[in-house]
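Here are the chains, one letter per residue:
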Amino acid sequence: MSVVVVITLCLLLLIAYVFDITSKYTRVPSVIMLMALGFFTKYLLQIFGFEIKNLNAYLPAIGSVGLILIVLEGSLELEVSKDKNGMILKSFLVALIPMIILLVLISVLIFLLSESDFYNAMLNAIPLCVISSAIAIPSVKNLGKFNKEFVIYESSFSDILGVLLFNFYAMNEAFSFLAIGNFLMQIVIMLVFALIATLLLSLLLNNIKHHVKFLPIIILVILIYELSKVFHLPGLIFVLIFGLFLGNLNQLEKFNLTRKFKITKLKGEVHKFTEITVEAAFVIRASFFVLFGFLLEASEILNLESLPIAFIIFSTIILVRILILLIYKLPFLPLMFIAPRGLITILLFLSIPISRQISIINNSVIIQVVILTAIWMMIGLMFNKSPKKIKADQ
């Protein structure tokens with residue numbers, strides 16, 4: 001049986017690699033193919049008499065590691081400079097404002113369709129308000145520079161804001177000045193800690209002489225993130241700051257502190273670290289979505305009772321996105337299509353305490369919204385011209 005598992009894993013990851021290579025030609029987001037791959041693999045194994053059980057417990061763990069690596073991968077690619085300040089601020093607002101609007105609208109829908117109180121409805125609505133960087137970032141690698149950078153910033157901010165908002169609602173059963181004060185204090189503590197930890201990890205990366213040096217740094221990043229969760233601190237802020245720090249060493253040369261610690265000598269190491277991070281992110285991301293597809297049931301995907309709710313939520317997401325793009329005068333195409341729900345949505349949904357779960361926001365609704373937004377993004381990417389094609393047409 002163990003041989004079958006190892007062979008299956010190797011084949012699935014190799015097929016996932018092929019999907020990743022061909023996605024820029026097919027314009028089909030690899031996440032859709034990965035979920036389909038996992039879904040059909042389960043039935044194929046059953047046909048040959050193999051059945052693998054008890055995999056549900058692995059999904060949150062793999063998802064958490066995947067989220068860390070994907071945000072780290074995206075932040076390592078981002079350039080921070082004065083001329084980027086406008087885009088960074090705009091991407092932050094485009095991540096925050098629609099999240100608040102969607103939170104209110106979806107919470108009202110849940111409140112009207114269930115017997116739950118409005119505060120609990122908001123907790124259950126949050127997972128559906130967050131753009132998944134795990135799907136958005138890999139899917140936009142063939143877009144133009146502005147659209148690509150904007151989506152990386154927006155989806156990373158969306159993940160961080162979504163986790164912050166979810167933690168606040170999950171830890172507090174009602175609004176109060178004390179709860180808000182504690183929440184703001186946690187953010188300040190995490191910002192200070194993130195800066196210190198980033199500097200220390202950078203020093204380690206610069207001074208480790210052992211031939212194995214990049215994997216321990218990644219493990220430390222994951223460890224710090226998970227420890228921050230224990231203390232209810234927003235660990236994704238640390239991941240984003242660490243990635244931006246390493247990815248923008250050129251901008252740090254003017255600061256005395258970085259010159260003192262010779263941080264700018266890291267440039268060569270950062271390139272290698274980025275390569276390792278990208279490959280690790282690919283393996284974990286592929287594993288998560290294949291496993292998610294493996295755990296899917298046809299009855300959940302085709303649940304006609306939940307489909308109207310899922311479609312209303314999906315339509316609301318798209319309408320709010322169109323509105324916000326028009327208000328901020330952002331490129332309508334292809335950004336209108338890039339608002340996927342995915343890894344972060346699933347992770348937050350699985351983190352809702354059982355006592356506070358609402359029956360109408362169930363597995364089927366979450367899965368259907370994830371699939372609908374992924375298909376919507378696929379349609380937009382299929383009809384979007386690549387930068388090279390645009391130049392050729394001009």
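Residues numbered from 1 in each chain as written. Predicted model: local features only at pLDDT ≥ 70, side-chain atom pairs only at ≥ 80, totals over all residues. Heavy atoms only, no water.

1. A closer look at the overall build of the protein chain
- When its secondary structure is counted, the protein chain shows 18 helices and zero strands.
- Against the 2.2 N^0.38 benchmark of 21 Å for 394 residues, the protein chain shows a C-alpha radius of gyration of 21 Å, consistent with a compact globule.
- Taking the principal axes of its C-alpha atoms as reference, the protein chain extends roughly 65 × 55 × 50 Å.
- By sequence separation, contacts in the protein chain at least 24 residues apart represent 82% of the contacts at least 6 residues apart.
- Accessible area for the protein chain stands at about 19000 Å²; split by element, carbon and sulfur atoms hold 71% of it.
- Mean positive and mean negative side-chain charge positions of the protein chain (29 and 21 charges, respectively) differ by 12 Å. (Helix = DSSP H or I, 4+ residues; strand = E, 2+ residues; numbered from the N terminus. Rg over C-alpha atoms; globule rule 2.2 N^0.38 Å. Contact = heavy atoms within 4.5 Å. Areas by Shrake-Rupley, 256 points an atom, 1.4 Å probe, with all protein chains shown as cover. Lys, Arg positive; Asp, Glu negative; His and termini not counted. Charge placed at Lys NZ, Arg CZ, Asp CG, Glu CD.)

2. Thoughts on the packing of aromatic side chains
- With the rule as written, the count across this model stands at 18 aromatic pairs.
- Judged by centre distance (5.9 Å) and plane angle (25°), the rings of phenylalanine 146 and phenylalanine 150 are stacked. Here phenylalanine 146 and its partner phenylalanine 150 are both found in helix H7 (residues 145-171), four residues apart, which amounts to about one turn of the helix.
- With a centroid separation of 6.4 Å and 5° between ring planes, the pair formed by phenylalanine 288 and phenylalanine 292 is classed as stacked. Separated by four residues within a single helix, phenylalanine 288 and phenylalanine 292 lie in helix H12 (residues 267-295), roughly one turn from each other. (Phe/Tyr/Trp six-rings, centres within 6.5 Å; stacked < 30°, edge-to-face > 60°.)

3. A word on a nonpolar patch on the surface
- Where nonpolar side chains cluster on the molecular surface, the patch consists of Ile100, Val104, Val108, Phe111, Leu112, Leu113 and Phe118 and spans about 600 Å² of accessible area.
- Ranked by residue count, the leading element in the nonpolar patch is helix H4 (residues 85-113), at six residues.
- Along the chain, valine 104 turns up in helix H4.
- On the basis of relative accessibility, which here comes to 39%, the residue valine 104 falls in the partly exposed class. (Patch = residues over 30% accessible without salt bridge, like charges linked within 9 Å, V, L, I, M, F, W, Y side chains within 5 Å. Salt bridge = Lys/Arg side-chain N within 4 Å of Asp/Glu carboxyl O. Buried < 20%, exposed > 50% of the residue type's maximum accessible area, 1.4 Å probe, protein only.)

4. Describing the pattern of salt bridges
- With the rule as written, the count across this model stands at seven salt bridges.
- Here glutamate 297 makes a salt bridge to lysine 42, at a shortest N to O gap of 3.5 Å. With a gap of 255 residues between them, glutamate 297 in the loop between H12 and helix H13 (298-301) and lysine 42 in helix H2 (residues 30-47) connect regions that are remote in the sequence.
- Glutamate 297 sits in the partly exposed class, given a relative accessible area of 37%.
- Two residues, glutamate 77 and lysine 148, come together in a salt bridge whose shortest N-O distance is 3.7 Å. Here lysine 148 lies in helix H7 and glutamate 77 lies in the loop between helix H3 (58-76) and H4, a separation of 71 residues in the sequence.

5. Considering the packing of H7 against helix H10 (residues 235-247)
- Relative to each other, H7 and H10 sit at 155°, their axes nearing to 9 Å. One way to sum up the angle between H7 and H10 is to call them roughly antiparallel. Within the contact between the two elements, H7 uses Tyr153, Ser156, Phe157, Asp159, Ile160 and Val163 and H10 uses Leu236, Ile237, Leu240 and Leu244.
- Split by residue class, the contact of H7 with H10 holds eight nonpolar, one polar and one charged. (Axes fitted to C-alpha atoms, helices over the stretch in contact; angles between N-to-C directions. Parallel < 35°, antiparallel > 145°, perpendicular 65-115°, else oblique. Nonpolar A, V, L, I, M, F, W, Y, C, P; charged D, E, K, R; others polar.)

6. Remarks on the side chain of asparagine 172
- Along the chain, asparagine 172 falls in the loop between H7 and helix H8 (177-207).
- Owing to a relative accessible area of 17%, asparagine 172 belongs among the buried residues under this scheme.
- Within polar-contact distance, the side chain of asparagine 172 engages the backbone oxygen of phenylalanine 168 at 2.9 Å.
- Setting aside residues up to four positions removed in sequence, asparagine 172 forms contacts with Tyr119, Ala179 and Arg356. (Polar contact = N/O pair within 3.5 Å; in protein donor to acceptor, adjacent residues only side chain to side chain.)

7. Quick notes on helix H1 (residues 2-26)
- Given a rise of 1.5 Å per residue, 25 residues ought to cover 36 Å, and the 34 Å separating the end C-alpha atoms of H1 matches this to within 8%.
- Of all the bends in H1, the largest measures some 30° and sits at aspartate 20.
- Those residues of H1 that sit buried are Thr8, Leu12, Ala16, Phe19, Asp20 and Ser23.
- Against H2 and H12 lie the buried residues of H1.
- Immediately downstream of H1, the backbone of arginine 27 shows phi near 65°, a positive value. (Expected span 1.5 Å × (residues − 1). Bend = angle between axes of the 7 residues up to and from the residue.)

8. Examining the nonpolar core
- Residues Phe238, Phe242, Leu246, Phe273, Phe289, Ile313 and Ile361 are the most contacted members of the largest nonpolar core, which totals 134 residues.
- Filtering out sequence-adjacent residues up to four positions away, phenylalanine 238 remains in contact with Met190, Ala194, Ala197, Thr198, Leu201, Val221 and Ile224. (Core = buried A, V, L, I, M, F, W, Y, C linked by side-chain atoms within 4.5 Å.)

9. Let's talk about the side chain of glutamate 154
- For glutamate 154, the position within the fold is in helix H7.
- Looking at glutamate 154, the relative accessible area reads 2%, which means it is buried.
- In this structure glutamate 154 touches Ser91, Val94, Ala95, Ile131 and Arg321, once residues within four positions along its chain are discounted.

10. Topic: the confidence of the model for the protein chain
- Overall, the predicted model of the protein chain reaches an average pLDDT of 87, with 94% of residues at or above 70.
- Contacts from residues 390-394, a stretch scored under 50 in pLDDT, to residues over four places away or in other chains number two contacts. (pLDDT = per-residue confidence, 0-100.)

11. Here's the deal with helix H9 (residues 214-230)
- With 17 residues, H9 ought to run about 24 Å at 1.5 Å a step, and its terminal C-alpha atoms sit 25 Å apart, in line with that.
- Considered for burial, the residues of H9 that qualify are Phe214, Ile217, Ile218, Val221, Ile222, Ile224, Tyr225 and Ser228. Along the axis of H9, the buried positions cluster into a sector of 155°, meaning they face one direction only. Turned more than 90 degrees away from the buried face of H9, the exposed residues are Ile219 and Val230.
- Of the residues trailing H9, histidine 232 is marked for its positive phi of about 60°. (Arc of directions from axis to C-beta.)

12. Considering the environment of phenylalanine 289
- Mapped onto the elements of the fold, phenylalanine 289 is located in helix H12.
- Residues phenylalanine 289 and glycine 38 lie 251 residues apart in sequence; the distance between their C-alpha atoms is 7.5 Å.
- Excluding its chain neighbours within four sequence positions, the residues that come into contact with phenylalanine 289 are Val31, Leu34, Met35, Ala134, Ile135 and Leu343.

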